[in-house]
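Take a look at the letters that make up each chain.
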Amino acid sequence: GKLADADLEVEHAMWVIALLLDPELEKEAVTKSLDEIAAAVRKELGEGVEPRDRPPARAMAALIAVLKDQYGLAGDMVTYQHPDNSSVHRVIARRKGLPILLSEIAVAVSRRLELPVVGLGIPGRYMIKYDGRKAPGGEAGKDIIINPFEGWRETSVRELRLTVPGFEPDEHLQESPARLTILRIMRNMESHATVKGRQELVSTILDCYPLVAGPNLPLFR
């Protein structure tokens, strides 16, 4: 929490948060899983060309094919309010989780492939986009917005305007700041631990909030 915002890594924080449920979990286990998924995406895209040089639509199609079809990662519609859904380790093992975990797994995999995929802190939801400004070829392209929780389907700014109260494109289509993303994952786990009556876990997360938020960021509760 003492790190500068630019030095915070959501992937590292996801492992730390997962320790709340699995204290013996080694970081290498999470890293290995993400590395394997990235290797599968690279294979899907074919040899001889770097993923970052592929057309955006092709790159995203390969990413989704692996995450959705090969690994079966999906939104947990049945046991949504369960702390497991906020653990990167358990989400990959169970193949289901919350929107923010599915999204940030995709972001972590994309980072390994140098694809410009970022998380979006859309109100009441969380999605990803391929940043069209960083498309290959030297010309800015169109963003590709993906909703991982709803079958990894592509959505549009128009649809988000119509279906998401309070949605502001200029604000909510920007990359979610790492610190806010980390706190949001923690808040989800705390909320669902409360539902499940796991007071010790709730207390631990409450103790961690001030450490992560820092003095200048008010806690959203």
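It should be noted that the structure appears before, not after, this text.
Residues numbered from 1 in each chain as written. Predicted model: local features only at pLDDT ≥ 70, side-chain atom pairs only at ≥ 80, totals over all residues. Heavy atoms only, no water.

> Mind showing me how you'd approach the overall build of the protein chain here?
A count of helical and extended segments in the protein chain gives nine helices and six strands. Taken against the 2.2 N^0.38 rule, which gives 17 Å for 221 residues, the C-alpha radius of gyration of the protein chain at 17 Å falls within 12% of a compact globule. Its C-alpha atoms give the protein chain principal-axis dimensions of about 50 × 35 × 35 Å. Burial statistics for the protein chain: of 221 residues in total, 46% are counted as buried. For the protein chain, the share of sequence-separated contacts (at least 6 apart) that also reach a separation of at least 24 residues comes to 57%. (Helix = DSSP H or I, 4+ residues; strand = E, 2+ residues; numbered from the N terminus. Rg over C-alpha atoms; globule rule 2.2 N^0.38 Å. Buried < 20%, exposed > 50% of the residue type's maximum accessible area, 1.4 Å probe, protein only. Contact = heavy atoms within 4.5 Å.)

> Just to check I follow, could you spell out the pattern of salt bridges for this structure?
Between side chains of opposite charge, pairing is possible as soon as their charged atoms come close. Summed over all chains, the structure comprises 14 salt bridges. Between R112 and D35 there is a salt bridge, with its nearest N and O atoms 2.6 Å apart. Separated by 77 residues along the polypeptide, R112 in helix α5 (residues 99-112) and D35 in helix α2 (residues 27-45) bring together distant segments of the chain. For R112, a relative accessible area of 23% puts it in the partly exposed group. The exposure class of D35 is partly exposed, given its relative accessible area of 39%. D143 serves as the salt-bridge partner of K129, at 3.1 Å between the closest nitrogen and oxygen. (Salt bridge = Lys/Arg side-chain N within 4 Å of Asp/Glu carboxyl O.)

> What is the right way to read the sheet that holds strand β5 (residues 144-147) from this model?
The sheet built from four strands is open, its strands ordered β3-β4-β5-β6 with antiparallel pairing. Of all strands in the sheet, those bounded by a partner on one side alone are β3 (117-120) and β6 (153-155). Between one strand axis and the next, the sheet turns through 35° on average, direction left out of account. Both β5 and β6 contribute to a ladder of three bridges, which runs antiparallel. Considered in β6, the bridge of I146 is made with E154. Each of β3 and β4 (127-130) touches α5; the most contacted strand, β3, lies at about 160° to it. (Pairing = 2+ DSSP bridges. Axes fitted to C-alpha atoms, helices over the stretch in contact; angles between N-to-C directions.)

> Could you clarify how one ought to interpret the nonpolar core in this entry?
Within soluble globular proteins, side chains that are nonpolar generally end up buried alongside one another. If you look at the biggest cluster of nonpolar residues, it comprises 61 residues, and the most contacted ones within it are I105, V109 and W152. Ranked by the residues each element gives to this core, the list is headed by α5, at eight residues. Contacts of I105, omitting those with residues within four sequence positions, involve M14, L34, L67, L73, V88, V91 and I92. (Core = buried A, V, L, I, M, F, W, Y, C linked by side-chain atoms within 4.5 Å.)

> What am I meant to see in α5 here?
For an α-helix, the turn length of 3.6 residues means that residues three or four places apart are oriented alike. With 14 residues, α5 extends 20 Å from end C-alpha to end C-alpha; this agrees with the ideal 20 Å at 1.5 Å per step. Those residues of α5 that fall on the buried side of the exposure criterion are P99, I100, L101, L102, S103, E104, I105, A106, V107, A108, V109 and S110. Within two residues after α5, E114 carries a phi angle of roughly 60°, on the positive side. (Expected span 1.5 Å × (residues − 1).)

> I keep staring at unusual backbone geometry and nothing clicks. Help me out?
Backbone geometry follows two general trends: most residues other than glycine have a negative phi, and most peptide bonds adopt the trans configuration. If you check the backbone angles, R95 has positive phi at about 65° while not being a glycine. Structurally, R95 can be placed in the loop between α4 (88-94) and β2 (96-97). With a relative accessible area of 40%, R95 lands in the partly exposed category. For W152, which is not glycine, the phi torsion reads 55° and is therefore positive. Mapped onto the elements of the fold, W152 is located in the loop between β5 and β6. W152 gets classed as buried once you look at its relative accessible area, which sits at 4%.

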